[in-house]
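Given next are the chains, with one letter for each unit.
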There are 4 protein chains.
Amino acid sequence: MRPFLSHPFDDDKLKEECGVFGVIGVSDAANFVALGMHALQHRGQEAGGIVSHDPEQGFNSARRFGYVRDNFTDPDTMATLPGALAIGHVRYSTAGSKGSTAIRDVQPFFGEFAMGGAAVAHNGNLTNAAALRRELIERGSIFQSSSDSECIIHLMARSIQKNIPERMKDALRRVEGAFSVVAMTRTKLIGVRDPLGVRPLVIGRIGEGWALSSETCGLDIIGAEFIREVEPGEMVVIDETRGIESFHPFERRAARFCIFEHVYFSRPDSILGGRSVYETRRQIGVELAKEAPVDADLVCPVPDSGTPAAIGFSQQSGIPYAMGIIRNQYMGRTFIEPTEQIRNMGVRLKLNVNRALIKGKRVILVDDSVVRGTTSRKIKDMILDAGAAEVHFRIASPPTAWPCFYGVDTPERGKLLAANMSEDEMRDWIGVDSLRFISLDGLYRAVGEAGGRDPNAPRYCDACFSGDYPVAPSDKIEQGFEMKAAE
Amino acid sequence: MRPFLSHPFDDDKLKEECGVFGVIGVSDAANFVALGMHALQHRGQEAGGIVSHDPEQGFNSARRFGYVRDNFTDPDTMATLPGALAIGHVRYSTAGSKGSTAIRDVQPFFGEFAMGGAAVAHNGNLTNAAALRRELIERGSIFQSSSDSECIIHLMARSIQKNIPERMKDALRRVEGAFSVVAMTRTKLIGVRDPLGVRPLVIGRIGEGWALSSETCGLDIIGAEFIREVEPGEMVVIDETRGIESFHPFERRAARFCIFEHVYFSRPDSILGGRSVYETRRQIGVELAKEAPVDADLVCPVPDSGTPAAIGFSQQSGIPYAMGIIRNQYMGRTFIEPTEQIRNMGVRLKLNVNRALIKGKRVILVDDSVVRGTTSRKIKDMILDAGAAEVHFRIASPPTAWPCFYGVDTPERGKLLAANMSEDEMRDWIGVDSLRFISLDGLYRAVGEAGGRDPNAPRYCDACFSGDYPVAPSDKIEQGFEMKAAE
Amino acid sequence: MRPFLSHPFDDDKLKEECGVFGVIGVSDAANFVALGMHALQHRGQEAGGIVSHDPEQGFNSARRFGYVRDNFTDPDTMATLPGALAIGHVRYSTAGSKGSTAIRDVQPFFGEFAMGGAAVAHNGNLTNAAALRRELIERGSIFQSSSDSECIIHLMARSIQKNIPERMKDALRRVEGAFSVVAMTRTKLIGVRDPLGVRPLVIGRIGEGWALSSETCGLDIIGAEFIREVEPGEMVVIDETRGIESFHPFERRAARFCIFEHVYFSRPDSILGGRSVYETRRQIGVELAKEAPVDADLVCPVPDSGTPAAIGFSQQSGIPYAMGIIRNQYMGRTFIEPTEQIRNMGVRLKLNVNRALIKGKRVILVDDSVVRGTTSRKIKDMILDAGAAEVHFRIASPPTAWPCFYGVDTPERGKLLAANMSEDEMRDWIGVDSLRFISLDGLYRAVGEAGGRDPNAPRYCDACFSGDYPVAPSDKIEQGFEMKAAE
Amino acid sequence: MRPFLSHPFDDDKLKEECGVFGVIGVSDAANFVALGMHALQHRGQEAGGIVSHDPEQGFNSARRFGYVRDNFTDPDTMATLPGALAIGHVRYSTAGSKGSTAIRDVQPFFGEFAMGGAAVAHNGNLTNAAALRRELIERGSIFQSSSDSECIIHLMARSIQKNIPERMKDALRRVEGAFSVVAMTRTKLIGVRDPLGVRPLVIGRIGEGWALSSETCGLDIIGAEFIREVEPGEMVVIDETRGIESFHPFERRAARFCIFEHVYFSRPDSILGGRSVYETRRQIGVELAKEAPVDADLVCPVPDSGTPAAIGFSQQSGIPYAMGIIRNQYMGRTFIEPTEQIRNMGVRLKLNVNRALIKGKRVILVDDSVVRGTTSRKIKDMILDAGAAEVHFRIASPPTAWPCFYGVDTPERGKLLAANMSEDEMRDWIGVDSLRFISLDGLYRAVGEAGGRDPNAPRYCDACFSGDYPVAPSDKIEQGFEMKAAE
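Residues numbered from 1 in each chain as written. Chains lettered and ligands numbered in written order. Predicted model: local features only at pLDDT ≥ 70, side-chain atom pairs only at ≥ 80, totals over all residues. Heavy atoms only, no water.

Visitor: Quick question: what am I supposed to make of the sheet that holds strand β6 (residues 109–113) of chain D here?
Guide: Through backbone hydrogen bonds, the strands of a sheet pair up, either in parallel or in antiparallel fashion. Residues and elements named next belong to chain D. Here six strands make up an open sheet; going across it, the order is β6-β7-β8-β9-β13-β14 and the pairing antiparallel. Sheet topology places β6 and β14 (243–247) at the edges, where each strand pairs with a single neighbour. In this sheet, adjacent strand axes meet at a mean angle of 20° when their direction is disregarded. With eight bridges joining them, strand β7 (residues 116–126) and strand β8 (residues 177–184) adopt antiparallel strand pairing. Within the sheet, the bridge partner assigned to Ala119 lies in β8 and is Met184. (Pairing = 2+ DSSP bridges. Helix = DSSP H or I, 4+ residues; strand = E, 2+ residues; numbered from the N terminus. Axes fitted to C-alpha atoms, helices over the stretch in contact; angles between N-to-C directions.)

In C-alpha cells, the structure reads:
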C-alpha cells in the first residue's frame, strides 16, 4: 500500500494486497469502475483489470500492469469495455511467485460455464488454496494462473447447480480464509464477505444503479451514496430490476474485522464500521500520548502515514506539531549511487529533514508501525545528522510479531523485528532515546472498545500483533509454519 | 510547480519555471547532478537535461522530456555522461510556444567557440530577449531554439574576449531581467545571479568538490554542506584547483529577491536568505490568524501547499488543526467522465473530503494563493456537499493581481481574479462565508521585516501583488503590456 | 503469409496460419527454436510463443505479438527460457475472433496435469472444435483462449491414461480436421500429423539432439540434417536417450497433402514430399506455357511470389524474362492519401512499374493465384498507365473457388472471384487482353503426377480448387456452409 | 542502401548516404514529401526529416530516427506539418561520428535569417567542410550538428545578399565537393546540383505544382510526371506563380555523374541520364558474359542486387537462370548464437541455399560488387555445403579499390579487398573456381559509351574504381589521405 498518507518506505511496511469494485445499472459501467479502482489504488499498485458485460457485445476484459490512471483512461481501451455491468480489481502481488507475476495472474478471472459466463475478483487469501488446487488438477481442471482465487471459478465450473449464484455458494463453502469477493454474471452483480468479515466491502447507490467497493472512498469518487457494509458471511446478489437480495450461505460466526485496516491499510477518508478512519488514527495518537508521554519540543510525523496519530499526540500532549521531515513526492528508487560519499542515499531520495527546524530540538517521531525496523534506523540517523538533541519514537500500532495470511504481504516471522526483540531491545537496536508502541488494549480503545481487548472474544482479527489466528492457515501449516503455543 | 507541499490544482497556480544544478570536482559528476535535479523537480517537470565534460570524452549531453527519475537513472544513459564536471536543468515551459516545446528547447545549451565549448543553463527570464534575438539574427547567428536563454550563448560566441568567463561577462552585460545562471567550460563551473538576485542560487561543498543549486534541498540530497548564497550580481568561477573566484560584473543595485519563493515555489525544507521556508510559511499562518481571526471548529489545509500556514493558524488561534481534505496521490487528469451524474469529477480525482469529520462543522480552509479562483469554488462545493456548517477561506498570500515576467508562468492579467474584483467580490464569487488574504505588510512581517514593507525601498520583488516591477519588462511593453500607473 | 517470394498484396491472398518448431537434446534449446521460428515466419507473422523446460527451472514460456526477430533475440528474454527442450509456434490469426486476438490465444498452450505439465502447439484447424468445446465446458473445463487447439489440452487433462503420450493419443482420437502438432512433456518432444497429412512436419538431427519443423527450411537455419517427414497419421515421441519412437494412433487412410503448400505457402527453398518447392513452381510455369501460350515481348512476374513460375514460363516459351514490376521492400500500408490526384496509391506504396522497360511492350504477367481479383485489376491499371501495348495474365494455380477449413485464412465463398465467374468473365472484369489459369491436371503434372489428377483417388487436398473436402467441416456445416453438390 | 534489389550483406557494401525530396504548389505538401521519401528510403534508412511552410503556421519540422513508414504516416504528426511547400530528407549516417548520430544531425536544417527562414537538405559530401566549419566558428557561428551540410546554412546566414536565392549562391560558391541540394524559403522551392553533377536530382510536375527528387521513382509514387534532370551546376528556383527559373552560379565544368548509381545505388525502376537503371544492369550482365564466359549449369544471382545482371548473363550465355539462393525477408541481425554448432549463422539468418536445386551443379553466382570480400567467402561456403560441383563468381562492377568522398560510406582504403590483391589473389582468397569482374571499359559500354572509357575525358566519376578523383578531397588530404600517384 502506497498512497493515502502512506509511508515512503513501503518496503518496510505490511502491504494490503487487493481492492475490488463493481457497478450495475449505469451506462458505461467500466468508466465508473475505473474511477472506483483509482480511489482504491492504495490497496494494490501492481496491476488492474476490468471485466464488463453488454447484452450485444458479451463479456469483455482488459488487464494491465501499472496504475489505473495510465491504463484505464484511454478512450480506445474503455470503448472495448461496453455495458451497464462491470467489475474491477487492483492488486499487489498475492500468492503467485513474487516478482514474476504474469498478466494471466491479474484479476478478475473469467470462465465460461454451461449456463453462461462469470467473472470473479477477490480481496483476501484462501488458506486452503494449495490443497484445493491439487484436488482440482487431479480431476482435469487446467489452471491459467498461480492465483489462489482461480480455485473459486473452477469450483463454480464443476458445480451442478443451475444458476451462477448457487454455483458460487457451492464454491464458497469449499474455501477457507479471508475473502471479499465481487463477481458478475451476465445480469447480476454479486458481493460476498467471508464469515469473519476480515476484509471490508461496502454497498453504494448511484442513480438507478448500485456499486460495491472495498472502501467508502470508492463510492465518494463516483458520487455514490454509502448504503451499508456487506455483512460478514453475507452474499448479496444485485439485479437491475430486483435490487439487492441477501443470502447467508455460511455457518454464522462472530466477526473478526482486520484491525490493521484501521491502523494503516484503509484510506483516512474512508468509513469503517461506522467510524472515520482518520479520526480513529488521531485517537490512536491521543491514546499513545496518554500511555507513553515524554517531554519534548516538537511532535513530527514520519510522513505521510504517521500524520493523523502525530496530530492526536500533539493535541493530547500540548507539544507543538511540526513538519520536521519532508517527503519528496517524485520518488524514484533506482538512482545510481554516485559514490560512497552519500550515506543513506535511498532515504534522501524520499525524505529530507527540515534542518533549520530540527536543529537542537528534542523531537518525538510518530510512525504507524515497525516491521523490520531498518527504516526506523535510517530516519533516526537523518534526524541526528540534522542536529536533533533527542529522538523519541512513538508507534501507532502494537509490535508486529506475526505474519498475516489473510491477504496481506508480510515478511517471514524471522524477519519481523518484534518477533525477535523486546521493546527495550528494539529501542537500543534502532538507537533512539525512547521507543514506545501503543498497547493492544490502547488500540482497541482507539477503535471504540472502551474496555480494551476482550481476550476471550476479541472483536477484531489482530493476529499480526497477537498470534491469535481466527482461521487456521492450513496450507502454511502443511509447509511448516508453527502457530503460537497455547498459553 | 507540483510537489513539495504542492497544490493539486496546479493549473490554477503560478508555476516556477526552472531549476539549475552543477557540480565540479567529484567523479561521475552527472550522477550527482541527476540527484540534485531530482531534488529540484518541483521547479520544472516538463523536461530536463545534463551536460558533462571529461578530458578524454569531451562534452556530452542528454536532454529528455519527463521526470529526472525516469530519464537519468538508467546506467546506459548515465554512462554517456562521464567526467568530474557537469551541469543540469529542469524546466517547465518558458518563453517558447506553450505546449509544443521541442527537445531543442531543453537546456542546457551548448556552443562550440574558437577557444573551446561552453554549456549554459538558467532559471529566470530575460526581459529583452526578443530585441536581442532580432539583433543577433541580423548579424547571421542561427538560433536552435525558441528559448531566450540561447541569446546568452550567441552573445558569448561573438565576444572577442580570450576566455569564457570574460565572454560570459560580455554577454551578461547585454541582458536584462531575472536570471540565475549555471554554466561550465572544460575546466570551470560558473554561477551568476542577476543584479537584483530575483531567483535563488546557492553554493555547497562536497568532499573536494563544489556544487551550485537553485535551493539548499539540492545540496542536502547529495550530502553537500551549504556554504553560502551566490550574491545578487555576483559571478563565481569555480575551478578544481583554485576554488571559488568571485566577480561583480554588473553595476551594484539593491537586491529584490522574489517573495513568492517563500510563499510557494521553494521547497519547505530549503533555507532562503537564512530562513527556513517551512517556518516562514507557518509564520504566515500566525500573521493571518492575527489579521483575520474567525470563530470556527476546525482549521484544515488545502493539501498540500496550505499545510504549514494552516498549522500556524491553528497554533495562533487555538482552533484544532485537522485533515478535512485528503489528497489522492495517484493523480490523473484524463479519466473519461462517465456521465453528468458525477459533479466536479475533476476535483474528486484529486481530493476527497473527510466526510465523517467535516459534517456539521465550521471549517477554516487555508490555501496558499488564489489565481483564477476556479479551484476555490470547487473545493467550497465539496466541503458544503459534505455537510460543513460554514466555510471560511484564509489565503497565505496577498491577492495576485499582476503577472510575473521573471521566470514564472502566470495567466494574462485579465484572467487573474484579483485583477478584476475586490476581496468582498471574490468572497461572493467563490461563495464562502468569509475570505481573507494576508496583507502585503503581514507577509513582509512573516519573512522577517518587522516593520512591514517599506514602499520606498521594498526588500523583495512583489510585483505579482503590487504591480511594482523592479526591471521594466521591455519586450512585453513593446507587445502592449500596460504597467501600473504611477500613484 | 508474407515473405519468401511472397506477394505484396497478401490481403488478397490465402494465408497460411501457423508454423511449429521443436528441439530436444541441445543446450539452450529455446535459441534454436527462435531461429527455427524465424525461418518459418512466413507461416504466421502476428505472434509467436516459446515454451521451454529445464529440470531445475521447470516450464517457462514467453508469448509475444510481432516478429520473432523483435521478440526472441533479446538476451534477457531468452535467459527466461532455459533448458534443452523447447517448442515454439508462429501464428497468423486462427479461429479466434479476427482482429482482436488476445495474447492468451497465442500458442503454445500449457497445462499442468496430475502427472506433470505439457505444452502443445499446432498448425491446422480442428473441424469439430466448436462441438468439442461445448462438451468440455459442460463438464466444467474452463477455456483460456478462443483457439480451437486448446481443446487438445483439455482432452489430455481429462484422460485417465497414466502418461502424457497416451493422454495425447486419447485426445487426438477425439479431434477431426487438419493438424500438425508439436508438443512437449518434461522429458519428451512429440510430433503428430493428422491421418491425411494435410499440413507438413519434418524431423531433423542436430548434433546429439533432434528437431521438428513445419518445413525443411527451419532445419537448414539451425544446421540440422533433414531425416524424414513425420508420416500422415504418425505420432513420434522423441527422448534424449531412446531417440524416436513411432506410433500410429489413428485408423490408416490415404494421405491428402495440401497442394497449395506447393503453390504458395511453403518457402521455395523447402523440400516437400521429396521435391524442391522452387522447382515445382518453375515447372508450373512450364506447364502453363504449354497449356496457354501467347505471343508477347516480355514475361514478367508479379513479385515476388510469381517469380519461379515466370522463369519457367519464359524458359518454355522462349520469351525473355524481365523485371517489369519492382517491389518496394519498405512497405507500409498507412500513409495518408495526400489528395485524389494519386490514383492507386495503395499499389504505388508497394510496387512500381519499370516504365522505361514496359513502354510499348506486349507483357505476360505471371501471378500465383487470384482470390478476390481486386489486386489484379490494380496491377493491370499500373501496367497500362506505363504504356504497355498488351497485358496477358497467367495464373500459376487453378481458380480458387472454395474456402479452406484446414488452417488457412480464406474469404467467404461469396467473395472468391472464381466462385462467381467463369474464366472469360474474370478476364473481362479484370480488363486484360487474356487471362488463363493452369488446369488442375496441369498442376498435378507439375507436382509430379504425370497422369494428372485421379478423380477417384486424388493424391492431394485440393478442396480450394475442387470443392472436394477430404474431412467434412462439421462445425461449418452446422453454421450453414453448403458443400458442393455431388456431381 | 538496403532495399531495391539490394544485397543482404549491406555491411559489406558501399552505402549511399542520402535522398532528398521537395514539393511546392500542392496542398498538404508534407504528405507528398513523405511518399517521395518512402520511395527513396533505399538511399538512407537511419533517419528522416520534413520541413513544411504554411503562410499562417510558418515553418514546422519533424525529424525522426527510423523508417518513413513508421514516422511520417501518423495523422497527428502529419497535421503538425501544414502547407503547400515542403522538403524532406532521408539519411544514412554521413560525416558525423558514426553510430552516435544525434537527432540534431538529421536534416533538413533550418535557419532564421533577417529576411525570413530557410531550410536546406542535401545529398552528397562537402570536401572542404572541416575548413569551413573552423572558419565559421571563429567568427561566432554556433553549430547545432556535426553534419557538414550545416555549413551551407551558416554561410547563407552571413551573406549580405538581400534574398535567399542570392544568399544560397553566395554560400555555394564557398563549398567544394558533391552535392544535390533541395532547399525552401517561405515561397520558393530551390534545387541545386554541384558543377560535376555527381549526385542525381530530377524535376517533376504534379498538377499545378512541382516536385524535386533524387530519383524518378520518387516522382512515380506521387503520380508526378518526370520533366527533366536538374543540370550539373544548375540552380532552379521554383515559385508557385512564376514556375521554374534557372541559374548557373558556378563556373561551368564537364559533368562527371557517379557511375556507381547505375551499378547499385539507384533503384532499378529509376531513369538516370535517360536510361533505365534495370536495363543498364541487365546490359552489364550481357557484357560480363561476353568478357568472362564460363561453362556451367546455372546462373544464380546473389539476391537481390545481383538479379538484373544475372538475367543479362543468362540471356547472353544461354545458361539457365535460377534462384539458387533464397533471401529471408524477415531479417534480423541480433539472434543469439545458440552454440558453435551453427556455422555461418549470420548468413543463414538472411540467406538459404536451394539445396535440392544446387546439388551437383556447376553454378555461376552474379553479384554487384566486392568490397571487403568477407561475404563472398561465406556465400561460397554455403553453396559448397549444399553440394555444388563448381562455383564461379561474376561481379557486375570493376574492383572497388578506392574510397568515395562524395557522399558514400566506404571503408578505409586498407580494408578494400581490391586495394590489396590482384583478381587471381582475390579468387584464391575467396576460394572459388573462378572470379571475374567486369572491366571499366565494359561498364562504360553498358552505360552506353560504345567506345568504353575515354581516359582523357571520362564521362563519369569512377574514382572508387580508378582512383581518379574529379574534386580533390581537401579535408581528407589534410588528414593524411594519399591520392593515387600520377602515372
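Visitor: What is the right way to look at the interface of chain C and chain A in this model?
Guide: Reports of interface size often rely on the accessible area that becomes lost once the parts have come together. Facing the 17 residues of chain C at the interface are 17 residues of chain A. Buried area between chain C and chain A, both sides added, is near 1,400 Å², and the carbon and sulfur share of it is 62%. Sorting the residues of chain C by area buried against chain A places Ile137(C), Ile142(C) and Gln144(C) first, and these three jointly supply 39% of that buried surface. At the surface where chain C touches chain A, the tally comes to zero residue pairs in polar contact (both at pLDDT 80 or more). Those elements that place two or more of their residues in the side of chain C that touches chain A are β6 (109–113), α4 (129–138) and α5 (150–158) of chain C. Across the side of chain C that touches chain A, the residue classes tally to eight nonpolar, five polar and four charged. (Contact = heavy atoms within 4.5 Å. Buried area = accessible area lost by both parts, 1.4 Å probe. Polar contact = N/O pair within 3.5 Å; in protein donor to acceptor, adjacent residues only side chain to side chain. Nonpolar A, V, L, I, M, F, W, Y, C, P; charged D, E, K, R; others polar.)

Visitor: Please clarify how the pattern of salt bridges should be interpreted in this entry.
Guide: For side chains bearing opposite charge, pairing can occur when the charged atoms are close. Residue and element names in this part refer to chain B. Counting across every chain of the model gives 112 salt bridges over all chains. Here Asp468 makes a salt bridge to Arg453, at a shortest N to O gap of 3.1 Å. With Asp468 in the loop between α17 (463–466) and α18 (474–478) and Arg453 in the loop between α16 (440–446) and β25 (460–461), this residue pair connects regions lying 15 residues apart in the sequence. The exposure class assigned to Asp468 is partly exposed, which follows from its relative accessible area of 27%. By relative accessible area, Arg453 is classed as buried at 16%. (Salt bridge = Lys/Arg side-chain N within 4 Å of Asp/Glu carboxyl O. Buried < 20%, exposed > 50% of the residue type's maximum accessible area, 1.4 Å probe, protein only.)

Visitor: Just checking my understanding: could you explain the packing of aromatic side chains for this structure?
Guide: By convention here, two paired aromatic rings are described through the distance between centres and the angle between planes. Taken as a whole and assessed by the stated rule, the structure comprises 55 aromatic pairs over all chains. For the ring pair Phe59(B) and Phe110(B), a centre distance of 4.8 Å and an interplane angle of 50° mean the geometry is tilted. In this pair, Phe59(B) is assigned in strand β4 (residues 58–65) and Phe110(B) in strand β6 (residues 109–113), connecting sequence segments 51 residues apart. You can call Phe110(B) partly exposed: its relative accessible area is 22%. Consider the rings of Tyr406(D) and Tyr469(D), whose centres lie 6.3 Å apart with planes at 70°: the pair is edge-to-face. Pair noted here: Tyr406(D) is in the loop between β22 (390–395) and β23 (408–409) and Tyr469(D) is in the loop between α17 (463–466) and α18 (474–478), with a separation of 63 residues, a long-range link. Take Tyr406(D): its relative accessible area is 2%, and that puts it in the buried class. (Phe/Tyr/Trp six-rings, centres within 6.5 Å; stacked < 30°, edge-to-face > 60°.)

Visitor: Where do I start with the UniProt feature "binding site: [4Fe-4S] cluster" (unreviewed entry) in chain A in this structure?
Guide: All names here are of chain A. Here, UniProt's "binding site: [4Fe-4S] cluster" (unreviewed entry) annotation points to Cys258, Cys404, Cys461 and Cys464. The greatest C-alpha distance among the annotated residues, which extend across 207 residues, is 10.1 Å, indicating that they converge on a single site. With respect to the helices and strands, Cys258 occurs in strand β15 (residues 257–258). Taking relative accessible area as the criterion, Cys258 reaches 7% and is therefore assigned buried. Looking at where Cys461 falls in the secondary structure, it is placed in strand β25 (residues 460–461). Leave out the neighbours within four places in its chain, and Cys461 touches Arg256, Phe257, Cys258, Ile259, Tyr406 and Pro470. (UniProt positions renumbered as here; feature names shortened; annotations may be inferred.)

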